[in-house]
Amino acid sequence: MIFKTFKDIKLSRLGMGNMRLPSTNPGVFGAPIDHQKSYEIIDLAMANGINYYDTAYVYNKGESEVTVGEALAKYPRDSYYLATKFNYRANPDYKAVFAQQLERLQTDHIDFYLIHCLLDSNIDDYLTCGCIEYFEQMQKEGKITYLGFSSHASVETLRRFADVRKWDFAQLQVNYLDWEFKTTKEEYQVLTDRNIPIMVMEPVRGGRLSDLNSECNAKLKAAQPDCSISSWAFRWLMNQKNILVILSGMSTLEQVEDNLKTFSSEENALTPEQSELLINVAHEFKASLTVPCTGCRYCTDGCPMGLEIPELLSIYNKSKYDRHWNNAWLEKFGEKLPSTCIACGNCTSHCPQGIDIPSYMAKMSKLMETGKED
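Note that the coordinates shown come from a computational prediction; the quantities given were computed from them, not determined experimentally.

A word on unusual backbone geometry
Phase 1: Backbone geometry at Q106 places phi at a positive 55°, although glycine is not the residue there.
Phase 2: Take Q106: it is sitting in the loop between α3 (94-104) and β6 (110-118).
Phase 3: Positioned with a positive phi, R297 is a non-glycine residue whose angle comes to about 70°.
Phase 4: By secondary structure assignment, the location of R297 is in the loop between α12 (272-289) and α13 (309-322).
Phase 5: A relative accessible area of 36% means that R297 is categorised as partly exposed.

Take a look at the structure:
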């Protein structure tokens, strides 16, 4: 295991994320945690030098904290570091939440405590509810060692929150796909400019970067046959200097073993040539997922149903990119939904990209009905 120095301690570069612990009914959302399998995974992690364990008040309706606490109780308290989080929307009573978390985790202190899931819509809740001041007091009393936050907010909101106080660390979604196609690089720089070290969540984007497509997978395998597709994402992150710990939500022993192999040496970090290959593959992968709409709006003037076609296509692209569908994304369109498309073809005849727009409206209609395209 490779380590990185933070303050006066050494943290394993690979951290154990505990949002995706094995369940008693794999594939069924909300199924109970399989405690025995979870203990085995955490035991393997501990035996191989992983010393950072991340959970949250809301994960698995609290069972994640309980399971982590039970799994680590047999180990010396100074042999690992606990990270957990306060989520205002889950329970605004931060004092009660913190007391419950200490009990669940069977500890008298939290090493890395986070304001959870900063968003544009909740920043004011966090700034005005008194939780930051309370957690600062807990830090003074030794019940919290380091205080930080996790963010899924816009760059502007992230910048605003980062300037509220001198944060010890922050947790950010960083992976090579988001780095190229979203605002992740700018978010990373906001924190780096303020000397706020980063813990990484979603390094393989919830598993999306563990299996790209057959063509992209083949290119990476041809370059390094003995390396998993997932490992490319982790090894790309090793080169980002302001990253301390890279979290992985490992739910099988095989995943732990593969990640341990990846983090066995700093020399496994991608070379410049490998990084260039990976980014080229990322562009190919994104192109294979999404509709190449440029938002020119030539299609909208002739639409007899008045559909906001570019916006609808951007939502379709989001669903492909994130690998899930949510009908709530379409609420703002009122009755002007993909299902009202009459497939007249006026849009396609005006599209400079030659996109078969009616076919994508049909796919979205199917997604609205069943959550699947076919």
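Considering the pattern of salt bridges
Phase 1: In the structure shown here, the tally under the stated rule is 19 salt bridges.
Phase 2: The partner of D43 in a salt bridge is K74, and the shortest N-O contact between them spans 3.2 Å. Of this pair, D43 sits in helix α1 (residues 35-47) while K74 sits in the loop between α2 (63-72) and β5 (81-86), and the two are 31 residues apart along the sequence.
Phase 3: The residue R205 makes a salt bridge to D322 at a minimum N-O spacing of 2.9 Å. In this pair, R205 is assigned in the loop between β9 (198-201) and α9 (214-223) and D322 in helix α13, connecting sequence segments 117 residues apart.
Phase 4: Taking the relative accessible area as the measure of exposure, R205 reaches 11% and is therefore buried.
Phase 5: One salt-bridge network, in which partners are shared between bridges, spans D178, R205, K318 and D322.

A few points about the packing of helix α10 (residues 229-237) against α12
Phase 1: Where α10 meets α12, the axes come as close as 11 Å, and the angle between the chain directions of the two elements is 125°. The angle between α10 and α12 falls in the class oblique. In the crossing of α10 with α12, the sense of the turn from one axis to the other is left-handed. Contacts between α10 and α12 pair W232, R235 and W236 from the former with Q274, S275, L277, L278 and I279 from the latter.
Phase 2: Considered class by class, the residues forming the contact of α10 with α12 number five nonpolar, two polar and one charged.

Some words on the sheet that holds strand β8 (residues 169-173)
Phase 1: Spatially, β3-β4-β5-β6-β7-β8-β9-β10 is the arrangement adopted by the eight strands of the closed barrel, whose pairing is parallel. Strand-to-strand twist across the sheet, computed as the mean angle between neighbouring axes with direction ignored, equals 30°.
Phase 2: As paired strands, strand β3 (residues 14-17) and strand β10 (residues 243-248) are joined by three bridges and run parallel to one another. Directly across from G15, in β10, lies its bridge partner L247.
Phase 3: Packing against the sheet, helix α5 (residues 131-140) makes contact with β5, β6 and β7 (144-151), and its axis sits at approximately 150° to β7.

Conventions and cut-offs
Residues numbered from 1 in each chain as written. Predicted model: local features only at pLDDT ≥ 70, side-chain atom pairs only at ≥ 80, totals over all residues. Heavy atoms only, no water. Helix = DSSP H or I, 4+ residues; strand = E, 2+ residues; numbered from the N terminus. Buried < 20%, exposed > 50% of the residue type's maximum accessible area, 1.4 Å probe, protein only. Salt bridge = Lys/Arg side-chain N within 4 Å of Asp/Glu carboxyl O. Axes fitted to C-alpha atoms, helices over the stretch in contact; angles between N-to-C directions. Parallel < 35°, antiparallel > 145°, perpendicular 65-115°, else oblique. Left-handed = near helix turned anticlockwise from the far one by under 90°. Contact = heavy atoms within 4.5 Å. Nonpolar A, V, L, I, M, F, W, Y, C, P; charged D, E, K, R; others polar. Pairing = 2+ DSSP bridges.

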